[in-house]
Amino acid sequence: MYKSLLVAVDGSENGKKALELACQLAQGETTLHILHIPESLAHESTLVWGIGAVSLEASREDLEAAGRQVIERAEAQARELGVAKVETHLGQGEPARTILSQAKTLGVDAIVLGSRGLGDLAGLVMGSVSHKVMHSAKCGVITVR
């Protein structure tokens, strides 16, 4: 049984699946930390939970507003799925580094994230967020397809 889990959600379908698995693992007294890191994307993307598309020209404020919506909807879904202890975090910076830093700061037992999120072709060339997290985390990492 886990004491605390960190799930990274980016608004993608894989991020939503990661949240669903994290909720299954976070039963009883487990604290589920939901992290979202708003980022500019190289292509227009439609987010899950009915949030809609984030345009390429989105300002930092627009990205953060969409990020708050992602976090709020993820928290609501976690509570609907029976997780009692939920904490949300809105991060900034390079996603893999931010996920690793947050996991260390919170002292979580494991990180749950999607194997592919909203990243672009550069992720295939330079390494995906999940790949970087898996190879650098000091705790368990569970990736979801």
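The structure under discussion appears in the preceding block.
Here the structure is a predicted model, which means the values were calculated and not measured. In every chain, residue numbers begin from 1 and rise along the written sequence. Totals for whole chains, interfaces and linings use all residues, but because this is a predicted model, local features are given only for residues with pLDDT of at least 70 and pairs of side-chain atoms are given and counted only at 80 or more. Side-chain metrics in this entry use all non-hydrogen atoms of the structure; hydrogen atoms and water are not considered.

**Q** Give me the lowdown on the side chain of T30, citing residues and values where you can.
**A** Tracing the sequence through the fold places T30 in the loop between helix 1 (13–25) and strand 2 (31–36). Judged by its relative accessible area of 1%, T30 falls in the buried class. At 2.5 Å, the side chain of T30 and the backbone oxygen of Y2 are in polar contact. Any two residues whose heavy atoms approach within 4.5 Å at even a single point are treated as in contact. Beyond its immediate sequence surroundings of up to four residues, T30 is in contact with M1, Y2, K3, S4, L5, L25 and K85. What counts as a helix is a DSSP run of H or I of at least four residues, what counts as a strand is a run of E of at least two, and both are numbered from the N terminus. Type-normalised accessible area, obtained with a 1.4 Å probe on protein chains alone, sets the label of each residue: buried when under 20%, exposed when over 50%, and partly exposed for intermediate values. Any N or O atom pair separated by 3.5 Å or less is treated as a polar contact, with the protein-specific requirement of one donor-capable and one acceptor-capable atom, and with residues adjacent in sequence counted only for side-chain atom pairs.

**Q** Kindly report on the sheet that holds strand 5 (residues 85–90), identifying the contributing residues and their values.
**A** One key point about sheets: their strands pair by backbone hydrogen bonds, in either a parallel or an antiparallel sense. In this scheme, strands are said to pair when DSSP sees at least two bridges between them. An order of 5-2-1-6-7 is seen for the 5 strands of this open sheet, with the pairing classed as parallel. Either end of the sheet is taken by a strand with one partner, and the two such strands are strand 5 and strand 7 (140–144). When strand polarity is set aside, the average angle formed by the axes of neighbouring strands in this sheet is 20 degrees. One ladder, built from 6 bridges, connects strand 2 with strand 5; its direction is parallel. Note that in strand 5 the partner of I34 across the bridge is T88. Axis lines are fitted through C-alpha atoms, for helices just across the contact stretch, and the angle between N-to-C directions can take any value from 0 to 180 degrees.

**Q** Could you give an account of the packing of helix 3 (residues 95–106) against helix 5 (residues 129–136), with specific residues and numbers?
**A** Contact geometry for helix 3 and helix 5: axes closest at 9 Å, N-to-C directions at 40 degrees. Here the hand of the crossing between helix 3 and helix 5 comes out right-handed. Here helix 3 contributes P95, A96, I99 and L100 to the contact with helix 5, which in turn contributes V129, K132, V133 and S136. For the contact of helix 3 with helix 5, the class distribution of residues is 6 nonpolar, 1 polar and 1 charged. Whether a crossing is left-handed or right-handed is set by the direction in which the near helix is turned from the far one by less than a right angle, anticlockwise for left-handed and clockwise for right-handed. Residue polarity follows a fixed list, in which Ala, Val, Leu, Ile, Met, Phe, Trp, Tyr, Cys and Pro are nonpolar, Asp, Glu, Lys and Arg are charged, and the others, Gly among them, are polar.

**Q** Pulling in residues and values, what's your account of the nonpolar core?
**A** Residues V7, V9, L19, L32, I34, A78 and V83 are the most contacted members of the largest nonpolar core, which totals 19 residues. At the level of secondary structure, the elements contributing two or more residues to this core comprise strand 1 (4–8), helix 1, strand 2, helix 2 (60–80) and strand 6 (110–114). Discounting chain neighbours no more than four positions away, the residues touching V83 are C23, A26, L32 and A78. Among buried residues, those of type Ala, Val, Leu, Ile, Met, Phe, Trp, Tyr and Cys that are joined through side-chain atoms within 4.5 Å constitute a nonpolar core. Core analysis: the second largest hydrophobic core is formed by 13 residues, A103, V108, A137 and C139 among them.

**Q** An account of the side chain of H89 is needed here, citing residue identities and associated values.
**A** Tracing the backbone shows H89 in strand 5. Only 3.0 Å separates the side chain of H89 from the side chain of H33, close enough to count as a polar contact. Setting aside its immediate chain neighbours within four residues, H89 contacts H33, I34, L35, H36, I71, Q102 and L106.

**Q** A description of the pairing of strand 6 should follow, citing residues and the corresponding values.
**A** Along strand 6, 5 of the 5 residues are buried, which leaves the element largely enclosed by surrounding structure. The side-chain alternation of strand 6 yields two buried faces, one formed by A110, V112 and G114 and the other by I111 and L113. Where strand 1 meets strand 6, 3 bridges bridge the pair, whose relative direction is parallel. Residue pairing across strands places V7 opposite V112, the latter belonging to strand 6.

Limitation: the analysis is restricted to geometry and does not speak to function.
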